Amino acid sequence: MQTMATAAIEHAMTLTPMSEHIGTRIEGVDLRHLDDGDFAAIRQAVFERGVVYVPGQQLTEEEHIAFARCWGGIDVNAYFPANGGYPEIAEVRKSENQKTNIGGGWHTDHSYDQVPAMGSILIARETPPAGGDTLFASMGAVFDSLSDGLKNTLRGLRAVHSADHIYKADGLYAQTDQGADLKGHDIRTLANHPVVIRHPKTGREILYVNPGFTLNFEGWTREESLPLLKHLYGVAEREEFHCRVQWQPGSVAIWDNRSTWHYAMNDYHGHRRLMHRITLSGEALE
Ligand code: SIN
């Protein structure tokens, strides 16, 4: 017979690290019915570990939106196709016939906004039989690994970010078979952030440049910026700073854009993959 005590133990939420520096896998929880303590623990794990992965969930679109509202505001993505009746939900999709995927390179969502989105809640709706994983990188651990001299140099720099080269009418996606699905060709973005930010909740120093959207260091040309940017990207691409999310339909990842990069693997040609993403509003970075 199940006692109150064993029922409580069976439903206890467990948090397991996914790698040394980044990622927490959370089990024993239903994101539709969280108490305040469990929600606070999940939020803290996102801030401290960059990304949490919660398999085996069954959120409807309405429940996805309701869960996102618990975190604060929602930023409606200007580029991705919206999901039918739910403008808050952006679809990240690739069909059996498409070759290009969305997010198939290391990037930080929305660094091109002066007030970048805090993070995202991504739910897998349709997954390929194999592949289609998402990699995440800890940009706090990357910064920690640099020499004191380089850290000090970077602390004195700012960087310029934009998404125009990716999404505008003659940008990167327009040249691919994803071009017809994406919107916002006329939007222009330009933001300027410190290269080393302090995480707004934990105070940790984080390297805040990324290959997707960072153009140059402020006051430096692109040509002058590239050697140092490429050096930093090379450090961040080291596997020791990564974790990998392997999706099944229903699984959920929640990540913090301030402290992570991510990379959607494009290794499942001939199969559909459909993800529902809600982008969470953030704050200015210092
Ligand atoms: C994204 O870059 O937000 C997409 C991530 C994914 O599809 O795994």
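Here, the structure is the one placed above.
Residues numbered from 1 in each chain as written. Predicted model: local features only at pLDDT ≥ 70, side-chain atom pairs only at ≥ 80, totals over all residues. Heavy atoms only, no water.

Engineer: Is there a simple way to explain the sheet that holds strand 10 (residues 191-194) in this structure?
Structural biologist: Hydrogen bonds between backbone atoms are what pair the strands of a sheet, whose relative direction is either parallel or antiparallel. The antiparallel open sheet is built from three strands, whose spatial order is 10-9-13. This sheet does not close on itself; its edge strands, each paired only once, are strand 10 and strand 13 (214-217). In this sheet, adjacent strand axes meet at a mean angle of 30 degrees when their direction is disregarded. The sheet contact formed by strand 9 (residues 158-161) and strand 13 spans three bridges and is antiparallel. Bridging across to strand 13, alanine 159 finds its partner in phenylalanine 217. (Pairing = 2+ DSSP bridges. Helix = DSSP H or I, 4+ residues; strand = E, 2+ residues; numbered from the N terminus. Axes fitted to C-alpha atoms, helices over the stretch in contact; angles between N-to-C directions.)

Engineer: How do you make sense of the site of the ligand when you look at a structure like this?
Structural biologist: Taken together, Val92, Gly103, His107, Asp109, Leu122, Thr134, Trp255, His262, Ala264, Arg273, Met275 and Arg277 are the residues near the ligand. Measuring from an oxygen atom of the ligand, one finds a side-chain N or O atom of threonine 134 at 2.5 Å. One nitrogen or oxygen atom from the side chain of arginine 277 is found 2.8 Å from an oxygen atom belonging to the ligand. Taking 260 Å² as the accessible area of the ligand by itself, protein coverage stands at 99%. When atom positions are compared with the pocket grids, the ligand is found to occupy the largest cavity. Where the shell around the ligand is concerned, the elements lending two or more residues are strand 16 (260-264) and strand 17 (273-280). Of all the elements, strand 17 adds the most residues to the shell around the ligand, at three residues. Across the shell around the ligand, the residue classes break down as five nonpolar, four polar and three charged. (Near = heavy atom within 4 Å. Polar contact = N/O pair within 3.5 Å; in protein donor to acceptor, adjacent residues only side chain to side chain. Areas by Shrake-Rupley, 256 points an atom, 1.4 Å probe, with all protein chains shown as cover. 1 Å grid on protein atoms, 1.4 Å probe; cavity = no way out; pocket = protein on both sides within 12 Å on 5 of 7 lines; lining within 4 Å. Sits in = over half its atoms within 2 Å of the grid points. Nonpolar A, V, L, I, M, F, W, Y, C, P; charged D, E, K, R; others polar.)

Engineer: Explanation requested: the environment of proline 200 in the structure shown.
Structural biologist: Tracing the backbone shows proline 200 in the loop between strand 11 (196-198) and strand 12 (205-207). Note on proline 200: relative accessible area 30%, which makes it partly exposed. For the pair proline 200 and leucine 285, spaced 85 residues apart in sequence, the C-alpha separation works out to 7.4 Å. When neighbours within four sequence positions are excluded, proline 200 is seen to be in contact with Arg258, Glu283 and Leu285. (Buried < 20%, exposed > 50% of the residue type's maximum accessible area, 1.4 Å probe, protein only. Contact = heavy atoms within 4.5 Å.)

Engineer: Where do I start with the pattern of salt bridges in this structure?
Structural biologist: When charged atoms on two side chains of opposite charge get close, those side chains can pair. A complete count under the given rule lists 16 salt bridges for this structure. Ionic pairing is found between arginine 258 and glutamate 283, a salt bridge with its closest N-O pair at 3.7 Å. Of this pair, arginine 258 sits in the loop between strand 15 (252-256) and strand 16 while glutamate 283 sits in the segment after strand 17, and the two are 25 residues apart along the sequence. Residue arginine 258 is classed as buried on the basis of its relative accessible area of 3%. A residue is classified by how much of its surface remains accessible, and glutamate 283, at 31% relative accessible area, is partly exposed. Connected through salt bridges with shared partners, the residues Lys201, Asp256, Arg258 and Glu283 form a single ionic network. (Salt bridge = Lys/Arg side-chain N within 4 Å of Asp/Glu carboxyl O.)

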